Amino acid sequence: MGRLFGTDGVRGVANEGLTAELALGLSVSAAHVLAEVGSFEGHRPVAVVGRDPRASGEFLEAAVVAGLASAGVDVLRVGVLPTPAVAYLTGSLGADLGVMLSASHNPMPDNGIKFFAQGGHKLADELEDRIESLYREHGAGQPWARPTGAGVGRVRDYDEGFDNYVAHLVGVLPNRLDGLKIVIDGAHGAASRVSPEAFARAGAEVVTIGADPDGLNINEGCGSTHMQGLRTAVVEHGADFGVAHDGDADRCLAVDAQGEEIDGDQILAVLALAMRDAGRLRKDTVVATVMSNLGFKLAMAREGIELLQTAVGDRYVLEEMKRGGYALGGEQSGHVIALDHATTGDGTLTGLMLAARVADTGKPLAELVSVMERLPQVLINVRDVDKSRVDTSAELAAAVSDAERELGSTGRVLLRSSGTEPLVRVMVEAADKEQADSVAGRLADVVKSSLG
């Protein structure tokens, strides 16, 4: 049986791979494991539980709450809120753990369970392994302690969570957004109320789309994975720009006034300069992944900002940020982490910070993002190959070396093995799109012939 925890919690098709029984059992296990690393002795442990609007979140939330309460944990149920809101409230309320039910940008039938430790921090692999191990032991017949009487956990709704989180977001902004008109696409997800409210309280005129969740329409033709609706709305309303979230609102992508898409690299570039100018970009360093566009790297070098690159995944970005004490990091996909204000990627906060820079400089977003030129980036997935030989194939190594010589200093090659599928991803960047296409196609052929 494979590992339950993936790169971002436990996910699966709700009521198929991700059942109520699994949710309940994992929650009890998490309570027991996190009790060992938290400060449970001498007080009643407390958990914050939130979810996105998926229909399946209703029964999965009930299972999680039941599991936690049965383990003696008091539960604060915050309802539909973004993932970063649950992380924030876990920390600000001094809770012992947090639980978020969401499958992020995935389609509606999917769902997921993500745990947070004290302070609202993601769990280390070691803690996830211990939770999973205890869950499997119990499934094999090993009993666990169960409180009775007054020892069982109590459950209450914490409706103040919405206002507390929005107040936090607005409170960290360096300036107001008065005079800006912004379109917000909530992906019919967890940010459908939060993001428009936060932007409005900060002074912006807000137009909303994708903000009518019914439990079934999350991410459906909207949000950060389907940007056309936002592009159209920004132009039609004559807005200064637009922001798009995913289902659990830990991402933010943008659209400028002309309807051009702005990705996570470009947002990071704008925020890096804003924080540097304000003296808040610690060590004049930003953290991103190896998938970041080469144009971002060149722009940061030109501006005297150091770029540290990690493996793909916001958790690796966060680990590097904590290790080095850095303030800003993120991914091309729109996961942006402002570590002074959040413990995880926060799409609403990212959009607000971007808007604050526009308002402060008086410059349109298109001008601000022109600090970097996004080089053509071609990605080809080569399927049904032996990905384990990517680093040992002499033929493939020679082909990569030839490609890198051809591209020179204005291009690069990146080969990545999928974590779950028998495929290799070939990524090529170059100043010329035709060259990038040509080099990527040739390398894909070599991957197929040498690893197939």
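This is a predicted model, so every value here is computed, not measured.

1. Quick notes on the sheet that holds strand E8 (residues 181-185)
Within the open sheet, the five strands sit side by side as E9-E8-E10-E11-E12. Their pairing is mixed. Pairing within the sheet leaves two strands with one partner each, and these edge strands are strand E9 (205-209) and strand E12 (261-262). Sheet analysis places E8 next to E9, joined by five bridges and oriented parallel. Paired with Asp185 across the two strands is Ile209, which belongs to E9.

2. Details of the pattern of salt bridges
Scanning all chains against the criterion turns up 30 salt bridges. Note that Glu197 and Arg201 form a salt bridge whose closest N and O atoms lie 2.7 Å from each other. A residue pair is termed a helical-turn pair when its members lie 3 or 4 positions apart in one helix, as Glu197 and Arg201 do in helix H6 (residues 194-201) at four residues. Note on Glu197: relative accessible area 30%, which makes it partly exposed. In this structure Arg201 comes out as partly exposed when scored by relative accessible area, which is 32%. What emerges from the salt-bridge pattern is a single network uniting Asp8, Arg11, Lys114, Lys122 and Asp314.

3. Quick word on the packing of H6 against helix H11 (residues 347-361)
Packed helices, taken two at a time, are described by the angle between their axes plus the distance between the axes. For the pair H6 and H11, the least separation of the axes is 10 Å and the interaxial angle reads 30°. Taken together, the axis directions place H6 and H11 in an arrangement best described as roughly parallel. In terms of crossing hand, the pair formed by H6 and H11 is right-handed. Where H6 approaches H11, its residues Val194, Ser195, Ala198 and Phe199 are matched on the opposing element by Thr348, Gly351, Leu352 and Ala355. Here the contact of H6 with H11 is composed, by residue class, of five nonpolar, three polar and no charged.

Rules used in this analysis
- Residues numbered from 1 in each chain as written.
- Predicted model: local features only at pLDDT ≥ 70, side-chain atom pairs only at ≥ 80, totals over all residues.
- Heavy atoms only, no water.
- Pairing = 2+ DSSP bridges.
- Helix = DSSP H or I, 4+ residues; strand = E, 2+ residues; numbered from the N terminus.
- Salt bridge = Lys/Arg side-chain N within 4 Å of Asp/Glu carboxyl O.
- Buried < 20%, exposed > 50% of the residue type's maximum accessible area, 1.4 Å probe, protein only.
- Axes fitted to C-alpha atoms, helices over the stretch in contact; angles between N-to-C directions.
- Parallel < 35°, antiparallel > 145°, perpendicular 65-115°, else oblique.
- Left-handed = near helix turned anticlockwise from the far one by under 90°.
- Contact = heavy atoms within 4.5 Å.
- Nonpolar A, V, L, I, M, F, W, Y, C, P; charged D, E, K, R; others polar.

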